[in-house]
Amino acid sequence: MVEMVNRPYASAFEAHALANPDVLCLSADLTSSCEIDGFRDRHPDRFLSLGMAEQNMMSFAGGLGLAGYRPFLHSFGVFLYRRPYDQLVASVAYPRRKVRLMGFLPGITTPGGMTHQAIEDIAVMRSIPNMTILETGDATEVESICAAADSIDGPVYCRVLRGAIPRLFDTPIEVGRMRELALGHDILVVTSGVTTEEALRARQALANAGVSIRHLHINTIKPFDEDALLDHIGSVTKGVIVLENHLTEGGIGSLVAEIMADHGVGKKLVRLGLKDTYAHGGSKPYLMKYYGLDAAALVAGIERLIGHSTGITEQELAGVRLEAVHSAIKAEAL
Amino acid sequence: MQNDKTTEEIALGIRRRVFVHSMRNNGGYLSQACSAAEQLAFLYNEALNLGDPTLPAVPKPFAGVPSAENPDYHTGAGYNGPVTPHHDRLFIAPAHYALVAYATLIEVGRMDPEGLEMFNKDGSSVEMIGAEHSPGMEVHNGTLGIGLSTGAGLAYGRKRRGDTGQVCVFMSDGEVQEGQTWEAVQAAAHHGIDNLWALMDVNDQQCDGAMDTVMQVRDITAKFRNFGAVCVEVDAHDLGALRQAKALPHEGQPLIILARSSPTQGMEFLRRRFPRLHYVRFKGEDERAEMNAAIAAELGIAPVDLSQGSH
């Protein structure tokens, strides 16, 4: 059984902040929801409550950056770019302030529905000059996200998981370095965030079906290591598939497509994610299945690439699910 | 750094420079010079503790935007002096007041008059809407309403570091229509940010015309007080009143001075254009000549020689 880690961000942020006096903790009325309530209680002198006013928080953080501080802004990812987009660009991104945007509940990992689901955040952030984008896919990456983000000479947006999170990796995030999780030769699978866990679930079944998978986990979306990706694409024979917790437009699938087009790579590409649609509220497993972001969707996409059925059944994939653990801790609650 | 001239002389000089520039360039932000000349003269000549400029008197051309590949990038803040713990900082929140701000820099000896000749020229850093890299600017404020929040964040950070210098935000009253302005005041009050003060040019004008016709903002003095600021309203053209207002104690709260101004002060001929004063363009050569003669007389200078063509 995969180890489940409860609230890894809380202790990781506290340790990082205490070791870095210029780190400040900012919150916009989602303090316990972003697992910084303990920090607020123990270190009130390092915590700024800025209320339900994200536009001010964003420009205020720009001012703190101008004063040499490195503010960590905590909110749901969606509230860090949709409402305060102008402030994000003018007060933070343009002047390259060292503002760390900790965006919780990325994509459909929230039951909050359209208003709460950051499904186009990568597309938005990718198109902002000077912005760096990181994404966490397991407990170890959440534990290392603060140090990784704080190493960036400029603003950074992070998709942060919360609650009970599986530990998939044993090494911290290295900014700019993708993880090579499998080195097969038929299909290149590219995942990030929660979709990596889905791909891992399908791994054994795919191996049993005779499909050789090369699997990359992406934690640094911008800047992106094009050469490494191209090398991996060159090592597979049947095509590339991207599974992401985001719209297929402007996200990692688009990123991969751009790189392939820029370099004249004539291989097939399947992009899985939200297909030009908003999502609605529901549990994470339900939403991942409903919108085709789960292991079964990945298998179906791979079947399109190889041109025949693998014979893998939903029951086979369900056998490696971790739902019982998730639901016990209610990781997806608001 | 204090100038040899009186603040009154500087205010008159600002109006004259903006007038001459606008005449030569067939239009400009004339009304902002009328309303804000005393305020900007007061800030630079009296109210702010600013060091000597650190950037050349003749502005350098545009040298690129901030990026990892542009390590030599710097803002235009050096015209306001060095960044030190004890010096004040100034943001010009309404970036379209740039022409007036540049004229002020010249009048107080921080920029060469040649700098104004670069105004709005391609490749120049002396941009029409003040950018971060424009003389006297430190942050982008072209999207109105973000300046006070940034000032509050900087002030909080400076207070935390023990800096004695204050943060001043020069604002325009149109910005009170933006919700962010109120978010900024409530945050500054909530966190006791009292090394922050704002001087707001209340000229009742905005791009579409008189503010009351565009969107009524009602009693902004009461609103600022209710949001937690110490707020006082004064005559923008009365330097004594500005001095008194600046001296108001505001421990634990930001200070906001509402400087009620006339958008035609010193150039009453512009009344003919009321209420469309945001950017004054001449309707033809006749009007340009008539305005040239009339306003030059009001400002006590000879009419601008228009035969030189536009600069």
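Residue positions are counted from 1 within each chain, in the order its sequence is given. Starting at A for chains and at 1 for ligands, labels are handed out in the order in which the entities are written. A pLDDT threshold of at least 70 governs which residues receive local features in this predicted model, and a stricter bar of 80 or more applies before side-chain atom pairs are shown or counted, although totals over entire chains, interfaces and linings include all residues.

Considerations on the overall build of chain A
Within chain A, the regular secondary structure consists of 13 helices and 14 strands. Within these notes, the globule rule equals 2.2 Å times the number of residues to the 0.38 power, and the radius of gyration is based on C-alpha atoms. Whereas a compact globule of 334 residues would reach a radius of gyration of roughly 20 Å, chain A reaches 19 Å, a difference of no more than 12%. Summarising its shape, the C-alpha atoms of chain A cover approximately 60 × 45 × 35 Å along the three principal directions. Here chain A holds 334 residues, and the buried ones make up 51% of them. Counting only contacts in chain A whose residues sit at least 6 apart along the sequence, the fraction spanning at least 24 positions is 79%. What counts as a helix is a DSSP run of H or I of at least four residues, what counts as a strand is a run of E of at least two, and both are numbered from the N terminus. With C-beta atoms placed from the backbone, a residue is labelled by how many other C-beta atoms lie within 10 Å of its own: buried for 20 or more, exposed for 12 or fewer, partly exposed between the two. Throughout, a residue-residue contact means that the two C-beta atoms, derived from backbone geometry, are no farther apart than 7 Å.

With respect to the overall build of chain B
Of the regular secondary structure elements, chain B holds ten helices and nine strands. With respect to the principal axes defined by its C-alpha atoms, chain B has extents near 55 × 45 × 35 Å. In chain B, which comprises 311 residues, the share counted as buried stands at 52%. The long-range fraction of contacts in chain B, counting pairs at least 24 apart against all pairs at least 6 apart in sequence, stands at 78%.

Section: the packing of helix H1 (residues 7-24) of chain B against helix H10 (residues 285-299) of chain B
Residues and elements named next belong to chain B. Axis definition: a line fit to C-alpha positions, over the contact stretch in the case of helices; interaxial angles, taken between N-to-C directions, run 0 to 180 degrees. Look at H1 against H10: their axes get within 10 Å of each other, and the N-to-C directions meet at 165°. Between H1 and H10, the interaxial angle falls into the category roughly antiparallel. Along this stretch, H1 crosses H10, giving a crossing that reads as left-handed. Note on element contacts: H10 touches H1 through Asn292, Ile295 and Leu299, opposite Arg15, Arg16, Phe19 and Met23. Amino acids are sorted into nonpolar (Ala, Val, Leu, Ile, Met, Phe, Trp, Tyr, Cys and Pro), charged (Asp, Glu, Lys and Arg) and polar (every other residue, Gly among them). When the residues that make up the contact of H1 with H10 are grouped by side-chain class, the tally is four nonpolar, one polar and two charged. Each angle receives one of four descriptions, namely roughly parallel if under 35 degrees, roughly antiparallel if over 145, roughly perpendicular if within 65 to 115, and oblique otherwise. Throughout, a crossing is termed right-handed when the near helix is turned clockwise from the far one, and left-handed when it is turned anticlockwise from it by less than a right angle.

Observations concerning helix H11 (residues 295-306) of chain A
All names here are of chain A. One less than the residue count of a helix, multiplied by 1.5 Å, gives the span that helix is expected to have. In this model H11 runs 16 Å from its N-terminal to its C-terminal C-alpha over twelve residues, within 8% of the 16 Å that 1.5 Å per residue would give. Among the residues making up H11, those that are buried are Ala295, Ala296, Leu298, Val299, Ile302 and Leu305. Elements that come into contact with the buried residues of H11 comprise strand S10 (187-191), helix H7 (194-208), strand S13 (239-247), strand S14 (269-274) and helix H12 (314-318). Positive phi shows up at Gly307, right after H11, with a value of about 85°.

A look at the environment of Asp208 of chain B
Position of Asp208 of chain B among the secondary structure elements: in the loop between strand S5 (205-206) and strand S6 (209-210). In sequence terms Asp208 of chain B and Arg276 of chain B are 68 residues apart; their C-alpha atoms lie 7.0 Å from each other.

Points about the pairing of strand S11 (residues 213-217) of chain A
Along any regular strand, the residues point their side chains to alternate faces of the sheet. Residue and element names in this part refer to chain A. Burial analysis of S11 places five of its five residues in the buried class, which makes it a mostly covered element. Burial of the side chains of S11 extends over both faces: Ile213, His215 and His217 are buried on one face and Arg214 and Leu216 on the other. The rule for pairing is simple: two strands pair if DSSP sees at least two bridges between them. Pairing of strand S9 (residues 179-183) with S11 involves four bridges; the strand directions are antiparallel. Bridge pairing links Leu183 to Arg214 in S11. Summarising the sheet, S10 and S11 pair through five bridges and their orientation is parallel.

As for the interface of chain A and chain B
Of the residues lining the interface, 27 residues belong to chain A; the matching set on chain B comes to 23 residues. Only helix H3 (54-66) and helix H4 (85-93) of chain A provide two or more residues apiece to the side of chain A that touches chain B. For the side of chain A that touches chain B, the per-class residue count stands at 13 nonpolar, eleven polar and three charged.

Describing the pairing of S10 of chain A
All names here are of chain A. In terms of burial, S10 is a largely internal element, five of the five residues being buried. Burial along S10 is two-sided: the residues Ile187, Val189 and Thr191 and Leu188 and Val190 are all buried. Note that the unit made of S10, H7 and S11 has a crossover that is right-handed. When the strands point away from the viewer and the path from the first strand over the helix to the second turns clockwise, the crossover is right-handed.

Remarks on the confidence of the model for chain A
Along the chain, pLDDT gives the predictor's confidence residue by residue, from 0 to 100. On average, chain A scores 95 in pLDDT, and the residues at 70 or more come to 95%. The model gives residues 323-333 of chain A a pLDDT under 50, and that stretch makes 15 contacts with residues more than four places away or in other chains.

Section: the nonpolar core
In these notes, a nonpolar core means any group of buried Ala, Val, Leu, Ile, Met, Phe, Trp, Tyr and Cys residues linked to one another through C-beta atoms within 7 Å. Ranked by size, the top nonpolar core spans 188 residues in total, and within it Ile241 of chain A together with Val100 and Tyr102 of chain B carry the most contacts. Excluding anything up to four places from it in sequence, Tyr102 of chain B contacts Met111, Gly115, Leu116, Phe119, Val126, Pro135 and Gly136 of chain B.

Description of the environment of Asp194 of chain B
Residue and element names in this part refer to chain B. Mapping Asp194 onto the fold places it in the loop between helix H6 (179-190) and strand S4 (196-202). Note on Asp194: 19 C-beta atoms within 10 Å, which makes it partly exposed. When the C-alpha positions of Asp194 and His250 are compared, they lie 6.5 Å apart, and in sequence the two are 56 residues distant. The contact partners of Asp194, leaving out residues within four places of it in the chain, are His250, Glu251, Gly252, Gln253 and Pro254.

Examining unusual backbone geometry
A cis amide bond links Lys222 of chain A with the next residue in sequence, Pro223 of chain A, at an omega value of 0°. With respect to the secondary-structure elements, Pro223 of chain A resides in the loop between strand S12 (220-222) and helix H8 (226-234). Between Phe274 of chain B and the following residue, Pro275 of chain B, the backbone shows a cis peptide bond with an omega angle of 0°. The topology assignment puts Pro275 of chain B in the loop between strand S8 (255-260) and strand S9 (280-281). Backbone geometry at Asn26 of chain B places phi at a positive 60°, although glycine is not the residue there.

Concerning the environment of Arg97 of chain A
All names here are of chain A. Here Arg97 lies in the loop between H4 and strand S5 (100-104). You can call Arg97 buried: it has 26 C-beta atoms within 10 Å. Sequence separation between Arg97 and Met131 is 34 residues; the distance between their C-alpha atoms is 10.0 Å. When neighbours within four sequence positions are excluded, Arg97 is seen to be in contact with Gly62, Gly65, Leu66, Val92 and Pro155.

Quick word on the sheet that holds strand S2 (residues 89-92) of chain B
Residues and elements named next belong to chain B. Here five strands make up an open sheet; going across it, the order is S2-S3-S4-S8-S7 and the pairing parallel. Of all the strands in the sheet, just S2 and strand S7 (230-235) have a single pairing partner and so form its edges. Here the average twist between neighbouring strands, direction ignored, is 20°. Pairing geometry for S2 and strand S3 (residues 167-172), over four bridges, is parallel. Considered in S3, the bridge of Ile92 is made with Phe170. The strands touched by helix H5 (residues 147-161) within the sheet are S2, S3 and S4, with S3 carrying the most contacts at an inclination of about 170°.

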